[in-house]
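Chain and residue survey
Chain by chain, the residues:
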Amino acid sequence: MTNTAEKLADLRRRLEKAQDPGSERARAKRDEAGRTTPRQRINALLDDGSFMEVGALGKTPGDDDAVYSDGVVTGYGRIGGRPVCIYAHDKTVYGGSVGVTFGQKVTQVMDMAARIGCPVIGIQDSGGARIQDAVTSLAMYSEIARRQMPLSGYAPQISIMLGKSAGGAVYAPVTTDFVIAVDGEAEMYVTGPAVIKEVTGEEVSSAELGGARQQERNGNVQAVVDSEEDAFELVRDLLDHLPLTCHDPAPSFLAPSDEEVAYTPELDEFMPDDTNAGYDIIDVLKLLGDDDQLIELQANFAPNMVTAFGRIDGQAVGFVANNPMHFAGCIDADAADKGARFIRICDAYNIPLIFVADTPGYLPGVEQEKAGLIHRGAGFAFALVEATVPKISLVVRKAYGGAYAVMGSKNLSGDINFAWPTAQIAVMGAAAAVVMIQGKQLEQTPPEQRGYMKKLFMDFYDENMTSPYVAAERGYIDAMIQPSETRLKLRQALRQLATKHVEDLPKKHPIAPM
């Protein structure tokens, strides 16, 4: 009969073996490449000593040669003192591919997140489905996906891409709220280069196909960072702006006093006199919050639209802003998608939205029409109206046409609208209006006089048709404000809207534009 001491020794041996269960060859390859183990990654992200692992001794059933963990480390812990559920692929065990025990371990922590109400973080480094497990592997992917939907919009889900992920291993991450990829390490694709070459004859390297920067440009990644440490730091910063669930408040932080933000002279001097001069809207956003710290998402996808988390009066806010440095701030199809998704994230987690408008309109062009600007642009407006969080709009310069409407206007459900005296609000800009209104007259004008007549009309149009005071007189602008007063006005508006409550018509769900 085995005594207690022997049982304890056996447990210690099993647990020790489970700590790094991959083959000697796989572990040597990992170490040679300088990559960390899944437990090292988890412990680097979580608060010191908070990780509680579950399923360490899990194995593939019915396989005498099965390896502990089945390719994934799962458990619970804390970040900033708040609970999270977490899992990390182990590339040294079955290539980090998904098998039956793998799937059960991940779904168990996801179920726990739903029960207790906390974020789910996945550290992805996977070869995809476990081919030898056939349909069982696909079933486990489906089990994971089935749990992502009820968690979506309920508790934050974050994916950290630290290696190659192919096939089904990319669908789970892109279904989460945020995908963070490490440059030079992460690669994502549905089908890899070898399969593509076999099926289509196209030749491409894995980095060119699915590298972090490429997938950022494709719109599949919210942020690309330089290292694991940077990825973990970004996750911690994100969680500082997010609640545990949609029913909880986001963390509050100390904020400057009203007196300290009452006057920001840099804002009075910021806007160029030339209405066509470019500037970086990020520089404006940094002057509007409690400090200059922003978390910009998808910075290199549709850069004409800026989506970023910041903080006003100690509370998290979401900025949606046009950037005149790219396409003059026009909204194209990609920018509409980017803005719509960010609006939905902020609305899901009760984070107020601040729209900062400087846009001459939706981007014209044949390629934009082919790209579906009609329905994708409508999707942006749909997300705006659907959102029930406080919505504040600030028009700093141009706000023309439909782009004016979707940037938080009162007529599309914006709560409070401000404008600077530099604002220009109209159906279209002077350059387009002169063609539409005076085109025939200009054609009949002698060539040597056309430039003068065109400028005369444009000056008249800017003075009388784009003046923000016209919108203010008609009640579409709540207050014309000096730029230097903006920080205080924004926090006062947010305080006023803190108890906002909206009841939708009873129905199952709306139907977004196709």
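Under an unreviewed UniProt entry, the chain has the name Acyl-CoA carboxylase subunit beta and belongs to Corynebacterium pseudodiphtheriticum. Turning to the chain, the UniProt annotation filed under Sequence similarities (unreviewed entry) states: "Belongs to the AccD/PCCB family."

Things to note about the side chain of Thr 264
Mapped onto the fold, Thr 264 is located in the loop between α11 (258-261) and α12 (265-268). With relative accessibility at 4%, the residue Thr 264 sits in the buried group. Contact partners of Thr 264, with chain neighbours within four places excluded, come to Ser 484 and Arg 487.

As for the UniProt feature "domain: CoA carboxyltransferase C-terminal" (unreviewed entry) in the chain
UniProt's entry tags residues 256-504 with the feature "domain: CoA carboxyltransferase C-terminal" (unreviewed entry), counted in the numbering of this structure. Strand forms 18% of residues 256-504 and helix 43%; the C-alpha atoms that close the span are 36 Å apart.

Re the packing of aromatic side chains
The tally for this structure, following the rule as stated, stands at three aromatic pairs. Ring plane angle 65° and centroid distance 6.2 Å describe the contact between Phe 178 and Phe 309, whose orientation is recorded as edge-to-face. Taken together, the positions of Phe 178 in strand β7 (residues 178-182) and Phe 309 in strand β11 (residues 305-312) put the pair 131 residues apart, joining distant regions of the chain. Here Phe 178 and Phe 309 have matching classes, each one buried. For the pair Phe 270 and Tyr 279, a centre-to-centre distance of 5.4 Å together with 85° between the ring planes defines the contact as edge-to-face. Assessed through its relative accessible area of 21%, Phe 270 is described here as partly exposed. Judged by its relative accessible area of 6%, Tyr 279 is buried.

Some remarks on the pairing of β11
Counting buried positions along β11 gives eight out of eight residues, so the element sits mostly inside the fold. Side chains Met 305, Thr 307, Phe 309 and Arg 311 project from β11 onto one buried face, and the interleaved Val 306, Ala 308, Gly 310 and Ile 312 project onto a second face that is buried too. Pairing geometry for strand β10 (residues 295-297) and β11, over three bridges, is antiparallel. Within β11, the position partnered with Ile 295 by the bridge is Phe 309. As judged from the eight bridges shared by β11 and strand β12 (residues 315-322), these two strands associate in the antiparallel manner. Pairing of Ile 312 across the sheet is with Gln 315, part of β12.

Structural notes on the pattern of salt bridges
Scanning the model with the defined rule gives 31 salt bridges in all. Linking Asp 10 and Arg 13 is a salt bridge whose minimum nitrogen-to-oxygen distance equals 3.8 Å. Here Arg 13 and Asp 10 lie together in helix α1 (residues 4-19), a separation of three residues that amounts to about one turn. The class for Asp 10 is partly exposed, based on a relative accessible area of 27%. A relative accessible area of 51% places Arg 13 in the exposed class. Residues joined in a network through salt bridges with shared partners are Asp 258, Asp 290, Asp 313, Arg 491 and Arg 495.

Brief notes about the pairing of strand β3 (residues 82-89)
A large share of β3 lies buried, amounting to seven of its eight residues. Here strand β2 (residues 72-79) pairs with β3 via eight bridges, running antiparallel. Across the sheet, Gly 77 pairs through a bridge with Val 84, a residue of β3. In this structure, the hairpin formed by β2 and β3 is closed by a connection of two residues, where Gly 80 is found at a positive phi of approximately 60°. With four bridges joining them, β3 and strand β4 (residues 120-124) adopt parallel strand pairing. Residue Ile 86 lies in a different strand from β4, and its bridge partner there is Ile 121. Viewed along the sheet, the connection from β3 through helix α4 (residues 100-116) into β4 turns out right-handed.

Here is what the cut-offs are and how they apply
Residues numbered from 1 in each chain as written. Predicted model: local features only at pLDDT ≥ 70, side-chain atom pairs only at ≥ 80, totals over all residues. Heavy atoms only, no water. UniProt positions renumbered as here; feature names shortened; annotations may be inferred. Helix = DSSP H or I, 4+ residues; strand = E, 2+ residues; numbered from the N terminus. Buried < 20%, exposed > 50% of the residue type's maximum accessible area, 1.4 Å probe, protein only. Contact = heavy atoms within 4.5 Å. Phe/Tyr/Trp six-rings, centres within 6.5 Å; stacked < 30°, edge-to-face > 60°. Pairing = 2+ DSSP bridges. Salt bridge = Lys/Arg side-chain N within 4 Å of Asp/Glu carboxyl O. Right-handed = clockwise from strand over helix to strand, strands pointing away.

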